[in-house]
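The primary structure of each chain is shown beneath.
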Amino acid sequence: MAKRELAGSRAILTGASSGIGVELARELARHGVRLVLAARRKEQLEQTAQEVAAAGSQAVAVMGDIADPDVRSRLVDTAQSTFGGLDLLINNAGMGLFGPFANSDPARLRQIMEVNFFAPVELIRIALPVLRNGRKPMIVNVSSVLGHFAVPNKSEYSASKFALHGFSDALRMELMSDGIDVLLVSPSTTTTEFFDKAEPDANRRPQRGMSPTRVARKTVAAIRQGKHEVIFSLPGNLAVWGDRIAPSSMSRLLARFGD
Ligand SMILES: NC(=O)c1ccc[n+]([C@@H]2O[C@H](COP(=O)([O-])OP(=O)(O)OC[C@H]3O[C@@H](n4cnc5c(N)ncnc54)[C@H](OP(=O)(O)O)[C@@H]3O)[C@@H](O)[C@H]2O)c1
């Protein structure tokens, strides 16, 4: 039985122009969630908004870079002015830029941390006062299995997702007595356009992975059930637990095969 009834809920969903975000919008719309959608690409975002409307729910598109404080303020303001409040904040927008740390520059680290860590955390900060008045409020942070264990050539990305993981665990405890849930979502490799941008070498992009539809369905199920954490895929779970139980062996294994 669902702990959280989603029909009529009001949500902010970032990264709604492609991949997991589009599928989350579709799945949430199916459950009657009203959405404030965020991303930079206008056409794609408006397409998602139209699909939500076609599914019988409501969506407002807010275009802009999530690393911009004004864009984040607009998201919260829009939830209040359009839907009268906020019940769900889903921090899904994210990016990767892969390659050896020794060949990278400070700008790469800054950009990844801005989008994957500072933006969701600062969005949470300004959304919290509104969420406190929400119906069964929940914060959902889309991290990665690489926020549980690291692999070579994704050091900045792993660092950003480890940071989001640690932050989410602490926040969950802080907000428990306020009745605000915090869910950490950790997908494994998922077949989206993520790697087209993250991996400069086309030959190194993964050919297989989970479908974003499946990730979205399981995420929405976890939201409804009030879960604290969800790690997708058997290999993802095995790697997370292997790293917890035998970190040195896993490091040696991942140094050879993890890239
Ligand atoms: N695909 C995977 O294998 C995988 C695995 C584990 C975790 N994840 C995580 O899942 C989440 C969704 O990724 P995805 O696979 O769906 O990738 P995706 O298809 O590339 O989608 C990323 C989304 O984030 C948005 N975004 C990126 N940078 C932004 C910025 N600066 N401002 C506003 N929006 C921004 C993009 O929109 P615009 O470009 O239009 O702005 C897009 O909607 C990310 O947090 C990612 O780290 C993905």
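What counts, and at which threshold
- Residues numbered from 1 in each chain as written.
- Predicted model: local features only at pLDDT ≥ 70, side-chain atom pairs only at ≥ 80, totals over all residues.
- Heavy atoms only, no water.
- Near = heavy atom within 4 Å.
- Polar contact = N/O pair within 3.5 Å; in protein donor to acceptor, adjacent residues only side chain to side chain.
- Areas by Shrake-Rupley, 256 points an atom, 1.4 Å probe, with all protein chains shown as cover.
- Helix = DSSP H or I, 4+ residues; strand = E, 2+ residues; numbered from the N terminus.
- Nonpolar A, V, L, I, M, F, W, Y, C, P; charged D, E, K, R; others polar.
- Expected span 1.5 Å × (residues − 1).
- Buried < 20%, exposed > 50% of the residue type's maximum accessible area, 1.4 Å probe, protein only.
- Contact = heavy atoms within 4.5 Å.
- Core = buried A, V, L, I, M, F, W, Y, C linked by side-chain atoms within 4.5 Å.

1. A word on the site of the ligand
So, step 1. The environment of the ligand is formed by 30 residues, the closest being Ser17, Arg40, Tyr157, Thr190 and Thr192.
So, step 2. At 3.0 Å, a side-chain N or O of lysine 161 approaches an oxygen atom of the ligand.
So, step 3. Out of a free accessible area of 880 Å², the ligand has 97% covered by protein chains.
So, step 4. Looking at the shell around the ligand, the elements that each hand over two or more residues are helix 1 (19-30), helix 5 (155-175) and helix 6 (194-198).
So, step 5. The leading source of residues in the shell around the ligand is helix 6, at 3 residues.
So, step 6. Grouping the constituent residues of the shell around the ligand by class yields 11 nonpolar, 13 polar and 6 charged.

2. Topic: helix 1
So, step 1. Look at helix 1: 17 Å from first C-alpha to last across 12 residues, which is about the 16 Å you get at 1.5 Å a residue.
So, step 2. Among all positions of helix 1, only Ile20, Gly21, Val22, Glu23, Leu24, Ala25, Glu27, Leu28 and Ala29 are buried.
So, step 3. Elements that come into contact with the buried residues of helix 1 comprise strand 1 (10-14), strand 2 (34-39), helix 2 (42-54), strand 4 (88-91) and helix 7 (212-225).
So, step 4. Of the residues trailing helix 1, glycine 32 is marked for its positive phi of about 80°.

3. Overview of the nonpolar core
So, step 1. With 31 residues, the main nonpolar core has Leu13, Leu24, Leu28, Leu35, Leu37, Leu183 and Ile223 as its most contacted residues.
So, step 2. Elements with a contribution of two residues or more to this core: strand 1, helix 1, strand 2, helix 2, strand 4, strand 5 (138-142), strand 6 (181-186) and helix 7.
So, step 3. If we ignore the near neighbours within four places in the chain, the residues touching leucine 28 are Leu6, Val33, Leu35, Ile90 and Val220.
So, step 4. One finds Ala127, Leu128, Val130 and Leu175 within the second-largest nonpolar core, a separate group that totals 26 residues.

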